Amino acid sequence: MAQSVHEFHDDPRNADIRIWINGRLLPRAEATVSVLDSGFVLGDGVWEGLRVVGGQPVFLDEHLDRLFEGARAIMLDIGLDRRGLESAIRETLAANDMHDGVHLRLMVTRGPKRTPYQDPRASAGPATIVIIPEHKQAKPELVARGLKLFTVHVRRGYPDVQDPRWNSHSKLNCITACIQATQAGADEALMLDPHGFVATCNSTHFFIVRRGEVWTSTGDYCLHGVTRANVLRACAEEGITAREKNFTLTDVYSAEEAFCTGTFAGLVAVREVDGRVIGDGKPGPMVARLQALYRGLVERDVAVRAGEKLA
């Protein structure tokens, strides 16, 4: 069985972490929510994953922008403002003495329901907010080797069905895609949009490199990725031609390089798609250059955020 870039090995330190639930820090074994919680009953909620570097949640503003945008779209009252959520995140990190190599999952649901029924008016409220911090890093050997992708039959949907820009708890289409890719021996699923153009992966964003240009999808059928946006930003700053456009699997199969992006692992090269070796099957020069540029953006964000905290 293939393993995702979100490797499954457990850091033994995670057994003793304290999880933040609605203002309480609880041992992992005691951190529970009601069986009537909207997130459990219906997948009714939004979430964010964040990296922690140098004690700072990286690109926090962008992640909170996306969280509040999704919550507003589904009329979910989070119950805390941005400052309150940042304070909760920092309280969680301090309680666990976490500084580097940490991944946070921030989850907000519509809260407990009076009865298991989909109508939001059946929710008793208030929102349930959970912050799970874990010692977690991408496996170096997987990053060095590169990912193997498989194009699945599951498509990214139209925004009038379920807007793919929402980072919602309802992820069954991505889970189904992941299952198919796993059964095919791949690390990640490559998903097409309703028109047959390449859209994204089941848990990461997808890029190719052709003739020195960096291509990614239009973004119409994928989550507004924070790392994706930062890669495009790095390209703009460095004069690298980057295009958000429609392209097909034929373009992918003949690309010089390909890579995936995500909060967890940053940039990871793709070595193979649907049995076709990409380039020479090894991480290429553009991937290496963009990895370095992305690290620079992370360092800048950490420095700015640390300076603001000290001010």
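Structural data are supplied above this passage.
Read on for a plain summary of the structure. (Residues numbered from 1 in each chain as written. Predicted model: local features only at pLDDT ≥ 70, side-chain atom pairs only at ≥ 80, totals over all residues. Heavy atoms only, no water.)

Observations concerning the nonpolar core
So, point 1. Grouped together as the largest cluster of nonpolar side chains are 32 residues, with contacts concentrated most on Leu67, Ile78, Leu106 and Val108.
So, point 2. The set of elements that each furnish at least two residues to this core consists of strand S1 (18–21), strand S2 (24–27), strand S3 (45–53), helix H2 (60–73), helix H3 (82–96), strand S5 (102–109) and strand S6 (128–135).
So, point 3. Considering each element in turn, this core owes the most residues, 5 residues, to S5.
So, point 4. The next biggest cluster of nonpolar side chains, apart from the first, holds 21 residues, and it includes Cys235, Leu267, Ala269 and Val302. (Core = buried A, V, L, I, M, F, W, Y, C linked by side-chain atoms within 4.5 Å. Buried < 20%, exposed > 50% of the residue type's maximum accessible area, 1.4 Å probe, protein only. Helix = DSSP H or I, 4+ residues; strand = E, 2+ residues; numbered from the N terminus.)

Looking at the side chain of glutamate 257
So, point 1. Considering the arrangement of structural elements, one finds glutamate 257 in strand S13 (residues 257–262).
So, point 2. A polar side-chain atom of glutamate 257 sits 3.0 Å from the main-chain amide nitrogen of valine 287. (Polar contact = N/O pair within 3.5 Å; in protein donor to acceptor, adjacent residues only side chain to side chain.)

Concerning the sheet that holds S5
So, point 1. One open sheet accounts for 6 strands, arranged S2-S1-S6-S5-S3-S4; its pairing is antiparallel. Strands at the two margins of the open sheet, each flanked by one partner only, are S2 and strand S4 (56–57).
So, point 2. Pairing geometry for S1 and S2, over 4 bridges, is antiparallel. Residue pairing for S2: isoleucine 19 is matched across the bridge by leucine 26.
So, point 3. Where H2 meets the sheet, its contacts fall on S3, S4 and S5, and the angle it forms with S3 comes to roughly 175 degrees. (Pairing = 2+ DSSP bridges. Contact = heavy atoms within 4.5 Å. Axes fitted to C-alpha atoms, helices over the stretch in contact; angles between N-to-C directions.)

A short note on the packing of aromatic side chains
So, point 1. If you walk through the whole model with that rule in mind, you get 4 aromatic pairs.
So, point 2. Consider the rings of phenylalanine 59 and tyrosine 294, whose centres lie 6.1 Å apart with planes at 40 degrees: the pair is tilted. Highlighted residues: phenylalanine 59 in the loop between S4 and H2 and tyrosine 294 in helix H9 (residues 285–310), separated in sequence by 235 residues.
So, point 3. With a relative accessible area of 2%, phenylalanine 59 lands in the buried category.
So, point 4. Classification of tyrosine 294 by relative accessible area gives buried; the value is 11%. (Phe/Tyr/Trp six-rings, centres within 6.5 Å; stacked < 30°, edge-to-face > 60°.)

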